[in-house]
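Understanding the architecture of this molecule
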Number of protein chains: 4
Amino acid sequence: MRATVLNCSLKSSDQPSNTQQLTEVVLEAMRDDGVEITVFRIADMSVPPGVETDLGEGDEWPQIHESLLKSEILVIATPTWLGHPSSLAHRVLERMDAMISETDSADRPVAYNRTAGVVVTGNEDGAHHVISEINGALVDIGYTIGPQSWTYWNRGPGPGPSYSETTEGHDWSHSTGRAMAQNLVGVARALQAKPLAPPPS
Amino acid sequence: MRATVLNCSLKSSDQPSNTQQLTEVVLEAMRDDGVEITVFRIADMSVPPGVETDLGEGDEWPQIHESLLKSEILVIATPTWLGHPSSLAHRVLERMDAMISETDSADRPVAYNRTAGVVVTGNEDGAHHVISEINGALVDIGYTIGPQSWTYWNRGPGPGPSYSETTEGHDWSHSTGRAMAQNLVGVARALQAKPLAPPPS
Amino acid sequence: MRATVLNCSLKSSDQPSNTQQLTEVVLEAMRDDGVEITVFRIADMSVPPGVETDLGEGDEWPQIHESLLKSEILVIATPTWLGHPSSLAHRVLERMDAMISETDSADRPVAYNRTAGVVVTGNEDGAHHVISEINGALVDIGYTIGPQSWTYWNRGPGPGPSYSETTEGHDWSHSTGRAMAQNLVGVARALQAKPLAPPPS
Amino acid sequence: MRATVLNCSLKSSDQPSNTQQLTEVVLEAMRDDGVEITVFRIADMSVPPGVETDLGEGDEWPQIHESLLKSEILVIATPTWLGHPSSLAHRVLERMDAMISETDSADRPVAYNRTAGVVVTGNEDGAHHVISEINGALVDIGYTIGPQSWTYWNRGPGPGPSYSETTEGHDWSHSTGRAMAQNLVGVARALQAKPLAPPPS
């Protein structure tokens, strides 16, 4: 079983990502369950705006797209800015819009029989909404969203510390993250055991 | 296999519901697939505000709650007002909040291994958001949301006709509704074949 | 200058409301500025579902509607459930939908030249979204929303204490609430000094 | 009086923008009212991700930031993808996050006493939500949002034509756009006549 992780931190990998740190808890639990994981740090890559799978020279989205098609599981990890997913999280969803009309050999949208979850950090309130926004797009694209397939951390009210600056509340976020990992793997296995049929024509 | 439908129209059943009319397309497809269906018209019932399963004398929520626990499938059907789900849709989600901490004999949240979808009508834009809001709550409660498990109808821009006042766009909404029905049944069967385990403690 | 406050707590006034407690900070600052305030506790009243101003016998909305029309300022105060405004907050917005087509003597929608703000409490993350949802509806109805005209309190991540069970973070919420009060009064005075014209026909 | 327009189309200006076409109706009405307008086409510019005003060499945000500070009015214009504002709309809001802590000579957040509106096009449902998301961020940043200060166009249900491919519904979107223009100018003048004070310390 494979998982692709899209880390949508605004910071490139020469800087530490709070979002990555929380995501690692989820990934460790999935690795323990035998899942092979590929992480993309979107801020390191050239992913231009658009709604097609390949925008031509210099576009690094096609390699992410290929990884998505090999993975039963997707994790979108994002910070919270102004209560919203990061612009890079929106960028990857926009690029995934093309997948709505891409079909597999059985004429199913390519995201069918795959599952997804969301990890959110922030120095402000907003995680529930960030999760709903991302899941809303993923359900449109064709992913299945399992129960409580998310974890988050923030410490309000108002602007507060970042995840890595305190340990307050980490226990809850980690335990929720391990449940998320188990549900991602569980839903992926259920869909493998009994795959969804192509939509009726 | 059983489905519970919560029609959250603001109108009681002495008036026709546009939302019910579109929902019937989904229900017909599920019935053809052998699903037994129970519909509650929330505006006809006494469902007081609160976040507990039984608010005492006169509260008719407990019978809906019982139906939810017997059903592998849930459909929430709602009109759009000011771009939002109806207040009755929010009311039923609020009452379902108690289900987060109710567990089955295997110590799973009671909504685990159940799936849900959304039907939306409106005389205005807003359906995508209505669907995301409802799904966000349902994922928190423990439901699994299958791919494209929704249908909607509205005809913009601006205030326009109601669903029953025109046939424009009905074909798309019906065909999407039949795909929704198939995916609800498909996800429910996958979760029956390979149920999710209780969350790790 | 007058303000109407709609407290959309799920609890009726025989129980203490966390939302009311935080709202009082805003109201005290407005009273100090000479604003006369009327508070409605929605859970105490009969406000049936619908999108008309008067639903007939037993409907207590008309007295709230009358208060709205006498007030330059509106405050909607709500708890957070499942990351959303309460069902009662949605109920009052739905009833206010009728105000979109009610006009004053100068043919302006009745909410023109009035301003509004939001107070949110919760034992969970969600305030930014709750504020956006409510403001989205109020802007449609015709209210003007001033800068940072909101305050909130919650203490995450995950389910935590209620506002009245701790003093953590209260300082931020109170100071933000006093700024909200000042901005509500400031915007109301600006609109009094130079009222908006009727929309072009 | 000045207005800055941020066109967040995914397409650069070598391709026609549906969003720009609808926005022109609003701009024409503002020009008739004496407003001087500057339009930025974000897809033509280098606006890297981040939450600071100047990210150094090659960052073209500072010139947009300068224009925002000279303008009493801001218009954010965006297409709808997956029911959301474009990733470029999220990008500009993220960059504006820095403005929350930038203050003018009177110690007011720099966005105070400025007003903003939103123009949305799409080949799918979603405009109300796109408007709420953008307004939510702008209110946090310190803008004042006037009544019905938006217009949109889409033609559902389901994926449909683009704005420029039909004239259906254009009248409503144009008339709403002209009301938006009048309200933007009206609110800007009210805030000029009676500016908001700095927040209480």
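Rules used throughout
Each residue is numbered by its place in its chain's sequence as written, counting from 1. Whichever chain is written first is A, and whichever ligand is written first is 1; the rest continue in order. Residue-level local features of this predicted model are given only where pLDDT is at least 70; pairs of side-chain atoms are given and counted only at 80 or more, and the full residue set underlies all totals for whole chains, interfaces and linings. To obtain the side-chain values, all non-hydrogen atoms of the structure were included, while hydrogens and water were left out. Residue contacts follow a heavy-atom distance rule, with two residues in contact if any of their heavy atoms lie within 4.5 Å. Here the buried area means the combined drop in accessible surface, using a 1.4 Å probe, for two parts upon being joined, counting both sides. The salt bridge definition used is simple: a Lys or Arg side-chain nitrogen within 4 Å of an Asp or Glu carboxyl oxygen. Polar contacts, as counted here, are pairs of nitrogen or oxygen atoms within 3.5 Å of one another; within protein the pair requires one atom able to donate a hydrogen and one able to accept it, and residues that are adjacent in sequence qualify only if both atoms are side-chain atoms. Burial classification: accessible surface area is computed with a 1.4 Å probe over protein chains only, and a residue below 20% of its type maximum counts as buried, one above 50% as exposed, and the rest as partly exposed. Numbering goes from the N terminus for both helices and strands, where a helix is a DSSP run of H or I of at least four residues and a strand is a run of E of at least two. The arc in question is traced by the directions running from the helix axis to the C-beta atoms. Any two strands are treated as partners once DSSP identifies two or more bridges connecting them. Within 6.5 Å between ring centres, the rings of Phe, Tyr and Trp (the latter by its six-membered ring) count as paired, and their orientation is classed by plane angle as stacked under 30 degrees, edge-to-face over 60, tilted in between. With the strands pointing away from the viewer, any crossover whose connection runs clockwise from the first strand over the helix to the second is right-handed. Each copy is superposed on the other by least squares, with the fit set by C-alpha atoms of residues at a pLDDT of at least 70 in both. In this classification, the charged set is Asp, Glu, Lys and Arg, the nonpolar set is Ala, Val, Leu, Ile, Met, Phe, Trp, Tyr, Cys and Pro, and all remaining amino acids, among them Gly, are polar.

Another point: the interface of chain B and chain A. Accessible area lost upon the coming together of the parts serves often as the stated size of an interface. Every contact between the two is made by 35 residues of chain B and, on the other side, 35 residues of chain A. Around 2600 Å² of area is buried between chain B and chain A when both sides are counted, 59% of it from carbon and sulfur atoms. Put simply, chain B and chain A have zero salt bridges between them. Run the count over chain B and chain A and you get 15 residue pairs in polar contact (both at pLDDT 80 or more).

Those residues of helix H2 (residues 61-70) of chain D that fall on the buried side of the exposure criterion are D:Trp61, D:Ile64, D:His65, D:Ser67 and D:Leu68. Buried residues along H2(D) cover an arc of 160° about the axis, so they all sit on one side.

Here we come to the pairing of strand E3 (residues 73-81) of chain C. All names here are of chain C. Among the nine residues in E3, eight count as buried, and that is most of the element. Pairing of strand E1 (residues 2-7) with E3 involves five bridges; the strand directions are parallel. Across the sheet, the residue bridging to leucine 6 is isoleucine 76, located in E3. Two strands pair when backbone bridges link them, and E3 and strand E5 (residues 115-121) are joined in this way by seven bridges, in the parallel orientation.

The subject of this paragraph is the pattern of salt bridges. Inspection of every chain in the model, using the stated rule, returns 32 salt bridges over all chains. One salt bridge connects A:Asp33 with A:Arg189, and the closest N-O pair in it is separated by 3.7 Å. Note that A:Asp33 is positioned in the loop between helix H1 (18-32) and strand E2 (36-41) and A:Arg189 in helix H5 (residues 170-193), a separation of 156 residues in sequence. Among the salt bridges present, the one from C:Asp59 reaches C:Arg95, with a minimum N-O distance of 2.6 Å. Residue C:Asp59 is found in the loop between strand E2 (36-41) and helix H2 (61-70), and its partner C:Arg95 is found in helix H3 (residues 87-96); the two are separated by 36 residues along the sequence. Per residue, the accessibility class of C:Asp59 equals that of C:Arg95, and both read buried. Salt bridges here are not isolated pairs; linked through shared partners, they connect A:Arg155, A:Glu168, C:Arg155 and C:Glu168.

A word on the packing of aromatic side chains. The description of an aromatic ring pair uses the distance of the two centres, along with the angle that the planes make with each other. Tallied over the full model, the rule gives 16 aromatic pairs over all chains. Following the ring pairs from residue to residue traces out a cluster consisting of A:Trp150, A:Tyr152 and A:Trp172.

Moving on: the side chain of D:Glu94. Mapped onto the fold, D:Glu94 is located in helix H3 (residues 87-96). With sequence-adjacent residues up to four places away left out, D:Glu94 is seen in contact with A:Leu10, A:Trp81, A:Leu82, A:Pro85, A:Ser86, A:Ser87, D:Gly50 and D:Val51.

A few words now on the pairing of strand E6 (residues 144-153) of chain B. The side chains of a regular strand alternate, residue by residue, between the two faces of the sheet. All names here are of chain B. Across the 10 residues of E6, 10 count as buried, placing the element largely inside the fold. Of the strand pairs in this sheet, strand E5 (residues 115-121) and E6 are connected by six bridges, and their pairing is parallel. Each bridged residue has a counterpart across the sheet, and for valine 120 the counterpart in E6 is tyrosine 152. Taken together, E5, helix H4 (residues 127-141) and E6 constitute a β-α-β crossover, and its handedness is right-handed.

With an RMSD of 0.0 Å, the fit of chain D onto chain A corresponds to turning through 180° and sliding 0.0 Å along the axis. The superposition of one copy onto the other is thereby described by a two-fold rotation axis. When C-alpha positions in chain D are compared against the rotation axis, the closest is assigned to D:Ser87, at 2.6 Å.

Taken together, the contact pairs 22 residues of chain D with 22 residues of chain A. Buried surface at the junction of chain D and chain A, summed over both partners, amounts to about 2000 Å²; 60% is from carbon and sulfur atoms. In this structure, the connection of chain D to chain A is made through zero salt bridges. Where chain D packs against chain A, one counts nine residue pairs in polar contact (both at pLDDT 80 or more). Listing elements by their share of the side of chain D that touches chain A, those giving two or more residues are strand E4 (84-85), H3 and helix H4 (127-141) of chain D. When its residues are assigned to classes, the side of chain D that touches chain A shows 11 nonpolar, six polar and five charged.

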